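Geometric and topological summary
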Amino acid sequence: MRLFGTMEINNKGHLEIGGCDSTNLVKEYQTPLYVIDEKHVRENCREFKDNFILEGVETEVIYASKAFLNIAICKLINEEKLSLDVVSGGELYTAIKSGFPAEKIYMHGNNKTEYELRMALESGVGRIIVDNSNELELLEYLCEKLDKNIDVLLRVNPGIEAHTHEYIQTSKNDSKFGESIFSNDIFNFIRKFQLSSRVSLKGFHCHIGSQIFEENFFHQGTLVMIDFMEKVKDECGFITEELNLGGGFGVYYSHEDEPINLEACLKGMLQLIKDKTSEIGVKVPKVMIEPGRAIVANSGITLYEVGGIKNTFGGRDYIFVDGGMTDNPRTALYGAKYDAVVANKMNQENENLYTVAGKCCESGDILVKDIELPKVERRDILGVMSTGAYNYSMSSNYNRIPRPAVVFVKDGEAKLTVKRETYEDIIRNDL
Ligand SMILES: Cc1ncc(COP(=O)(O)O)c(C=O)c1O
Ligand SMILES: N[C@@H](CCCC[NH3+])C(=O)O
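Computed from a predicted structure; not experimentally measured.

In terms of burial, strand β5 (residues 59-64) is largely enclosed, as five of its six residues are buried. Relative to strand β13 (residues 286-289), β5 runs parallel, the two sharing three bridges. The partner of V61 across the bridge, within β13, is I289. In terms of strand pairing, β5 meets strand β6 (residues 83-86) through three bridges, oriented parallel. Paired with I62 across the strands is S83, a residue of β6.

Judged by nonpolar contacts, the single largest core of 106 residues is most densely connected at I128 and F249. At eight residues, the largest contribution of residues to this core is made by helix α8 (residues 215-236). What I128 contacts, discounting residues up to four positions off in sequence, is M107, K112, L117, A120, L121, E135, L139, I150, D151, V152 and L153. In this structure, I17, Y29, A343 and M385 belong to the second largest nonpolar core, which totals 21 residues.

Moving on to the UniProt feature "binding site: pyridoxal 5'-phosphate" (unreviewed entry) in the chain. Mapped onto this numbering, the UniProt entry annotates "binding site: pyridoxal 5'-phosphate" (unreviewed entry) at G248, E290, P291, G292, R293 and Y390. Here P291 lies in the loop between β13 and α10 (293-296). A relative accessible area of 1% places P291 in the buried class. Among all residues touching P291, those that are not within four sequence positions of it are F48, V61, I62, Y63, A64, G247 and F249. Checked against the element boundaries, R293 lands in helix α10.

Summarising burial for strand β9 (residues 150-157): seven of the eight residues are buried, a large majority. In terms of strand pairing, strand β8 (residues 127-130) meets β9 through three bridges, oriented parallel. Each bridged residue has a counterpart across the sheet, and for I129 the counterpart in β9 is L153. Viewed along the sheet, the connection from β8 through helix α6 (residues 133-146) into β9 turns out right-handed. Judged from the six bridges that link them, β9 and strand β11 (residues 199-205) form a sheet pairing that is parallel. Counted as the bridge partner of L154 is F204 from β11. Bridging between β9 and strand β10 (residues 179-180) involves two bridges; their strand directions are parallel. Residue pairing for β10: N157 is matched across the bridge by S180.

The rules behind each value
Residues numbered from 1 in each chain as written. Chains lettered and ligands numbered in written order. Predicted model: local features only at pLDDT ≥ 70, side-chain atom pairs only at ≥ 80, totals over all residues. Heavy atoms only, no water. Buried < 20%, exposed > 50% of the residue type's maximum accessible area, 1.4 Å probe, protein only. Helix = DSSP H or I, 4+ residues; strand = E, 2+ residues; numbered from the N terminus. Pairing = 2+ DSSP bridges. Core = buried A, V, L, I, M, F, W, Y, C linked by side-chain atoms within 4.5 Å. Contact = heavy atoms within 4.5 Å. UniProt positions renumbered as here; feature names shortened; annotations may be inferred. Right-handed = clockwise from strand over helix to strand, strands pointing away.

Structure representation (structure tokens):
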């Protein structure tokens, strides 16, 4: 069992997070409950900001909000002076409503609708990351119509096949994201930006995938992009002012995961950029990264109440909890592995091998497969660790199950940041 951030075991043998006893949290807010360790999120933001610096290189850390987004996290990210990556109108709307400075917002998406692009232009986002030539045409049309100019990056695909789950690789040559740097048309496409009077190309964006553990892939991606910058300079006379290298920094979910040394990886990326650009004589660009998961994953835990324990004829022993794939689809979707604890029995020895299953009408509704835990009984509190990223943001109402509440905890205080959905919320839009 690995504890993160402010997690501790208190003298009652209960899991404490942000100075709050988890059993008290569930008494106050019920289960399932997403709990976010605010201090830990802030520390993670600072770890990125403090290590992504190198003399002579301008840098920016952008939080990829798809990992976890609500009004409270937008405010926190702004206080920590990170920028924000949004990928849809809904994410943009949340950011704007939170008061996040629009000029620090990066708008992504491989198929932004006209409505979303208009929102981005009207709200004054700092950069739009253009994915393809249809989008450039649409953007030019909207800029004319709204009498706006916009600075953009072009998303390119550097063709790096980073080792991670197939569904979260984004940079294979047949990926849906961006335009390949190897495509015959890429330089013509860049020339179109150069001719545009409304859309100003500042540089390039790439993202090689998510939950990546090998530093080598980040460095490979960086080198490929610098080569590309040189080619673009030679072919089009275009000077890359900005280079956004995306996110993807892997985190610990289970003993199988060995995260990279972040400090070494980040500093290494910047050093490579500085060295290589000076070697080939191209301008050092401003460099951005977009971590999502690594900012929030380990700062989150989901607390559930155990309903039943079932020993099957087939030999598998189940713990049934009052949530499941609706609040965490990652196990069902990617075969993700999670660690879990019995939050009210933290000092008890492991006794049994269990599979934690949810309450959805779906056999694949598993949260954790084969985990050693102390003897579990009805009404125990089960905590699934490291659920801060891609859980709340990927949650659903399958089986018309309401989404859990989200609380931020810090210094012994809990702050409700998203209310629990009710059955009334579920039918709200039904006609
Ligand atoms: C464009 C882009 N930026 C950033 C991220 C964040 O990735 P991660 O959460 O792995 O850091 C993603 C997701 O993979 C992405 O698609
Ligand atoms: N949703 C994925 C990550 C996707 C990253 C976005 N391109 C996950 O849960 O691991």
